[in-house]
Amino acid sequence: MAFNNGALMEAVYALATSHLESKKKGAIAFENKSDSPDVSPLGSPVSSSSIRSHSPSSPISPTTANFNKYRPSPDSHQRLNLSSTISSAKGSGSAAFNHKNNSINLLNAQLTNPELAKSDSAMATLLILLFFHISETGIGQFKTHLAGVKKLMGMRCVGKETGIWGWMETVFTWLDNMSASLNNREAQLRGGYLDMIFESGDSWDLESLTGCDRDLFMRLASLGRINVLSQMPTNDNYVSRSYVEEDDGESEPFRDESDGRDEFWLAWNAIKRDLHDWRPTTIYAATPSRHQSAETHSSGPEDTEFSGSRPSPSSSNFSMSPPPQSVGSPTRRKPSRAYEAVENNHWLHASNVYRYAAILYIDRLAYPHLPSSHSIFQNTVREVLDHVNCIPSSGLSHRLLWPLFITGTECVVDAHRDMIRERCMKMQRECGFFNKISGLVVLEKIWRQDMTEEKEGHLSDEMFAGARRMGKVSQSIGGRGLRWRKVTGHEDAEYLMV
C-alpha cells in the first residue's frame, strides 16, 4: 500500500527514522544509568512550548518541527542522565521531521478528495503519524489528531450499524480511550466503536494488537468518564473532612458519598465492584499458541484449549486484513501443552496488572486527600508488582506502560520505584518508542517531590518516601488528586502512555 501512496510512504520513512534514533537514545540513557548509578532523578518534563512544537498535527494542518526536546532543568541531578542522549540525537532528527512534514502536506492534498479521504491509505497515514509522535516523545495534541480520525471514520461508515471495521480502527479506539484516562477528558471513540472491538472475530483483534483483554478493556474505557464525573462540584453546604483517620492496614477508608456527586459515586461503586469481581481468562489470549492453532486448522483434541480463536469476517467488511497463508507454506509445529500453559500464565498475569492498576486509579479518585503511603494504595501497588514480577521483561511486558505508569505514581518504596524505572528503560530500549522515557520523566518528578517533602518532614518514619504527608488533607476533588496532574496539569498537550 505504501508504495502506491506518497503520504503513507513519507510517514513510514519518518517513523522508521525516528524509531532508529529513539532506540539509540534509549541505549545511551540505559548506559548512562549503568555507569552513573548514584546520580539522582531525571530532569523536569519538557516545557509547554517544547511540547507544542512536537504535537502531532491534525489531518488538516501541518506544523513546523522544533527539535529542542528534553532540556534538562537547571536543578536536575539526574539519576538517568539523558543529556548526552539528547545531544546525540539532535543532528539526525531533522530527517524524520522532514519526512513527517512531507507526509502531512501530501495527506492534506489527499483529504481534499472525498474518495481518497476514505481510503485505507489515508487512515494508515494518520496511524503511522501518531506512532511517529509516540516514538518521538509520546507527548502532543492527540485529542486534535483523534478528532480528525473520528471524522474520517465517519466518512468511511465504520461501526456497528454497517459492520465495517478494521484493525486500524481498533488501534485508534484503544489509543483514544487509554489516553483519555490520563489526560482529564472523555474518550471520543466510544459506544458502537467499543462494541465492534468486543465482537471482533478477526485474527488482528485487540488482544493481538495491544496485549489487553477485550473484556477488561470495556471496563478500562469507562475510566476517563468516571474521572470527569469525579470533578463535579460538591454541594454548597458540603464540608470536607479535616483529618485522616488512622490507617489500620486493612479497612477501607471512610468516604462521604453524600457530597452531591451522585452520578460519580454511582459509577464509581459499579466499576469498583466490577473490577474486584472480574477474573482474567485465556479465551481471547494473544499468545503464539492460539494463533498457530488457528493457522494450522488442526481439529485434534488438543485444540480445545484455544477455542476462543474465531474465524475472520468476510474481507468486504474490513478496510484491511492480514495476508492469507500461501498454499505451499510449511505447517507450523504445534507448541507443547507445557509451553501453552506458560504462555497463558503470562497472559493472566498481564491482565491482572491492568486490572489492579485500574483499581488503583479509581481509588485515587475516591480518596484524593490520602497520601500514597496509605494501605489502600500500597496494598494494590504490591498486587500489581507481584504480577509484573511473573512476566518476563520481553513480549507482553512491552505493552504494560499504562498500568506501570499508574502504579508508579503511587509507589513510595524505593525498591518498587526501581522496578518501575528498570521496566520502563527496558521497554524503551527494546521497543524504541520514547514515550516510555516521557512517562518515566513524569514519575521521577513525582518521586522527587516526595523526597523533598520527606526532607522537610514532620515524621521520623523513614520507611516510606512521602509518608510525611500523612495527616495533610488536600482539598482536591476526584481526578484533580491524580498525582501526575501536578506535573502535567498545567500543559496543553497530552501524554500517551501505552
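Residues numbered from 1 in each chain as written. Predicted model: local features only at pLDDT ≥ 70, side-chain atom pairs only at ≥ 80, totals over all residues. Heavy atoms only, no water.

## Here's the deal with the overall build of the chain
- Within the chain, the secondary structure is distributed over 19 helices and 2 strands.
- Within the chain, the proportion of its 498 residues that are buried is 55%.
- Taking the intrachain contacts of the chain between residues at least 6 apart in sequence as the baseline, contacts between residues at least 24 apart amount to 79%.
- Element-wise, carbon and sulfur atoms account for 53% of the exposed surface of the chain, whose accessible area totals about 20900 Å². (Helix = DSSP H or I, 4+ residues; strand = E, 2+ residues; numbered from the N terminus. Buried < 20%, exposed > 50% of the residue type's maximum accessible area, 1.4 Å probe, protein only. Contact = heavy atoms within 4.5 Å. Areas by Shrake-Rupley, 256 points an atom, 1.4 Å probe, with all protein chains shown as cover.)

## Looking at the confidence of the model for the chain
- Across the chain, pLDDT averages 77, with 71% of residues at or above 70.
- Confidence drops under pLDDT 50 across residues 36-92; counting only partners more than four residues distant or on other chains, this segment forms 137 contacts.
- A low-confidence stretch, residues 296-331 stays under pLDDT 50, and its non-local contacts, those more than four residues away or across chains, total 57 contacts. (pLDDT = per-residue confidence, 0-100.)

## Overview of the packing of aromatic side chains
- Tallied over the entire structure, the rule returns 11 aromatic pairs.
- Look at Phe131 and Phe433: their rings are 6.5 Å apart centre to centre, the planes differ by 85 degrees, and that puts the pair in the edge-to-face class. Here Phe131 is found in helix 5 (residues 120-136), whereas its partner Phe433 is found in the loop between helix 17 (414-431) and helix 18 (435-456), with 302 residues between them in sequence.
- Since its relative accessible area comes to 22%, Phe131 is described here as partly exposed.
- Assessed through its relative accessible area of 18%, Phe433 is described here as buried.
- Ring geometry for Trp174 and Phe217: centres 5.5 Å apart, planes at 50 degrees, overall tilted. Residue Trp174 is located in helix 7 (residues 167-182), and its partner Phe217 is located in helix 10 (residues 214-220); the two are separated by 43 residues in the primary sequence.
- Of the residues examined, Phe217 reaches a relative accessible area of 0% and is grouped as buried.
- The aromatic ring of Tyr284 is capped on one face by Arg214, whose charged end is 4.0 Å from the ring centroid. (Phe/Tyr/Trp six-rings, centres within 6.5 Å; stacked < 30°, edge-to-face > 60°. Lys NZ or Arg CZ within 6 Å of the ring centre and 35° of its normal.)

## Considerations on the nonpolar core
- Ranked by internal contacts, the top residues of the largest apolar core, which has 108 residues, are Phe172, Trp174, Phe217, Leu220, Tyr354, Trp402 and Trp484.
- A total of 13 residues in this core trace back to one element, the largest contributor, which is helix 14 (residues 337-366).
- Those residues in contact with Trp174, other than ones at most four positions away along the chain, are Leu206, Thr210, Cys212, Phe217, Tyr354 and Val498. (Core = buried A, V, L, I, M, F, W, Y, C linked by side-chain atoms within 4.5 Å.)

## Focus: the packing of helix 12 (residues 262-277) against helix 14
- One can describe the packing of helix 12 onto helix 14 by two numbers: an axis separation of 10 Å at closest approach and a directional angle of 155 degrees. Taken as axis vectors, helix 12 and helix 14 run roughly antiparallel relative to one another. For the pair helix 12 and helix 14, the sense of crossing is left-handed. For the pair formed by helix 12 and helix 14, the contact residues are Phe264, Trp265, Trp268, Ile271, Lys272, Leu275 and His276 on the first element and Arg355, Ala358, Ile359, Ile362, Asp363, Leu365 and Ala366 on the second. (Axes fitted to C-alpha atoms, helices over the stretch in contact; angles between N-to-C directions. Parallel < 35°, antiparallel > 145°, perpendicular 65-115°, else oblique. Left-handed = near helix turned anticlockwise from the far one by under 90°.)

## Overview of helix 16 (residues 401-408)
- Counting buried residues in helix 16 gives 8 out of 8 residues, a clear majority hidden from the surface.
- Among the residues making up helix 16, those that are buried are Leu401, Trp402, Pro403, Leu404, Phe405, Ile406, Thr407 and Gly408.

## Considerations on the pattern of salt bridges
- Here the structure, examined in full by the defined rule, presents 24 salt bridges.
- Note that Arg214 is salt-bridged to Asp205, the shortest N-O span being 3.2 Å. Residue Arg214 shares its accessibility class with Asp205, and that shared class is buried.
- A salt bridge links Glu252 to Lys272; the nearest nitrogen and oxygen atoms lie 3.4 Å apart. Of this pair, Glu252 sits in the loop between helix 11 (223-230) and helix 12 while Lys272 sits in helix 12; the two residues are 20 residues apart in sequence, bridging distant segments of the chain.
- Overlapping salt bridges, with partners in common, bring together Glu252, Arg255, Glu257, Lys272 and Asp363 in one network. (Salt bridge = Lys/Arg side-chain N within 4 Å of Asp/Glu carboxyl O.)

## A closer look at the environment of Thr407
- Looking at where Thr407 falls in the secondary structure, it is placed in helix 16.
- Note: C-alpha distance between Thr407 and Leu360 (47 residues apart in sequence) is 7.2 Å.
- With residues near it in sequence (within four places) discarded, Thr407 still touches Ala357, Leu360, Val381, Val384 and Leu385.

## Points about helix 12
- Its 16 residues place the ends of helix 12 23 Å apart at the C-alpha level, agreeing with the 22 Å of an ideal helix rising 1.5 Å per residue.
- Those residues of helix 12 that sit buried are Phe264, Trp265, Trp268, Asn269, Ile271, Lys272 and Leu275.
- Its buried side turned inward, helix 12 meets helix 10, helix 11 and helix 14. (Expected span 1.5 Å × (residues − 1).)

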